[in-house]
Amino acid sequence: MLTDGMTPDQVMNKYKDDVNKLAAYLNWLEQKSGSSVTSMYGDDGISENSVAVPVYDSTLMNFIKTADATSFMDRNYRYAYTRNRIKTTEDEVRFIDNATILQMDVLGGILSHYVLGGRTKARLWAEGMNKGVFLRLVRKMKELTDFWANAERK
């Protein structure tokens, strides 16, 4: 998963198809980022003894499923966080904004945190949307691959 020792062209070739799959959700992410993509099933008409269950936007679930099937998913994403001293959402945003093509594996680690972590803490999926992390990630990944795809070769 690490891009250490790879050239920008190798990194781009490894990830460009997956970035294009995620970029298909870019318009939806731009529209919904920062807004709620969940509702609670059980708010109305459910007895006091029942548990309210979160219901997620179907497009969000399709995005999660698509992201989960990409080569960005890394079960060891915690190492990307510790290697790069990422501890808060602000650190994530700062890293995403300053990332280069050679740090695409770390961007995948941040995506993995939300997608894989959301399997056990589903609130992470909503946080990824509410805080704009999904949008920033996909936008940055697309920007990097587009740049390198159009870069002049010497």
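It should be noted that the structure appears before, not after, this text.
Please read these numbers as outputs of a predicted model, since none were measured by experiment. (Residues numbered from 1 in each chain as written. Predicted model: local features only at pLDDT ≥ 70, side-chain atom pairs only at ≥ 80, totals over all residues. Heavy atoms only, no water.)

Draft legend 1. Just the packing of helix H5 (residues 89-98) against helix H6 (residues 104-117), in detail. Two elements in contact, H5 and H6, have axes separated by 10 Å at closest approach and are oriented at 145°. Relative to H6, the crossing made by H5 is left-handed. Where H5 abuts H6, its residues Thr 89, Glu 92, Phe 95 and Ile 96 lie against Val 106, Leu 107, Ile 110, His 113 and Tyr 114. Looking at the contact of H5 with H6, its residues break down into six nonpolar, two polar and one charged. (Axes fitted to C-alpha atoms, helices over the stretch in contact; angles between N-to-C directions. Helix = DSSP H or I, 4+ residues; strand = E, 2+ residues; numbered from the N terminus. Left-handed = near helix turned anticlockwise from the far one by under 90°. Contact = heavy atoms within 4.5 Å. Nonpolar A, V, L, I, M, F, W, Y, C, P; charged D, E, K, R; others polar.)

Draft legend 2. Expanded view of the side chain of Glu 92. Here Glu 92 lies in helix H5. Among buried Asp, Glu, Lys and Arg side chains, Glu 92 stands out as unpaired, with Lys 131 the closest opposite charge at 6.9 Å. A distance of 2.6 Å separates the side chain of Glu 92 from the side chain of Tyr 114, its partner in a polar contact. Apart from the residues within four sequence positions on either side, Glu 92 is in contact with Tyr 81, Ile 86, Ile 110, His 113, Tyr 114 and Val 133. (Buried < 20%, exposed > 50% of the residue type's maximum accessible area, 1.4 Å probe, protein only. Lys, Arg positive; Asp, Glu negative; His and termini not counted. Salt bridge = Lys/Arg side-chain N within 4 Å of Asp/Glu carboxyl O. Polar contact = N/O pair within 3.5 Å; in protein donor to acceptor, adjacent residues only side chain to side chain.)

Draft legend 3. Highlighting the nonpolar core. Core analysis: the largest hydrophobic core is formed by 44 residues, its most contacted members being Leu 111 and Phe 134. Contributing elements (two or more residues each) for this core: helix H1 (8-23), helix H2 (26-32), helix H3 (58-68), helix H4 (77-83), H5, H6, helix H7 (123-130) and helix H8 (133-150). In terms of residue count, H6 provides more of this core than any other element does, eight residues in total. Leave out the neighbours within four places in its chain, and Phe 134 touches Leu 29, Leu 60, Phe 63, Ile 64, Leu 111, Tyr 114, Val 115, Trp 125, Gly 128 and Met 129. (Core = buried A, V, L, I, M, F, W, Y, C linked by side-chain atoms within 4.5 Å.)

Draft legend 4. Broad picture of the environment of Ala 24. Note on placement: Ala 24 falls in the loop between H1 and H2. Between the alpha carbons of Ala 24 and Phe 63 there is a distance of 9.1 Å; along the sequence they are 39 residues apart.

Draft legend 5. How the structure looks around unusual backbone geometry. Positive phi, normally seen in glycine, also occurs at Arg 85, with a value near 55°. Here Arg 85 lies in the loop between H4 and H5.

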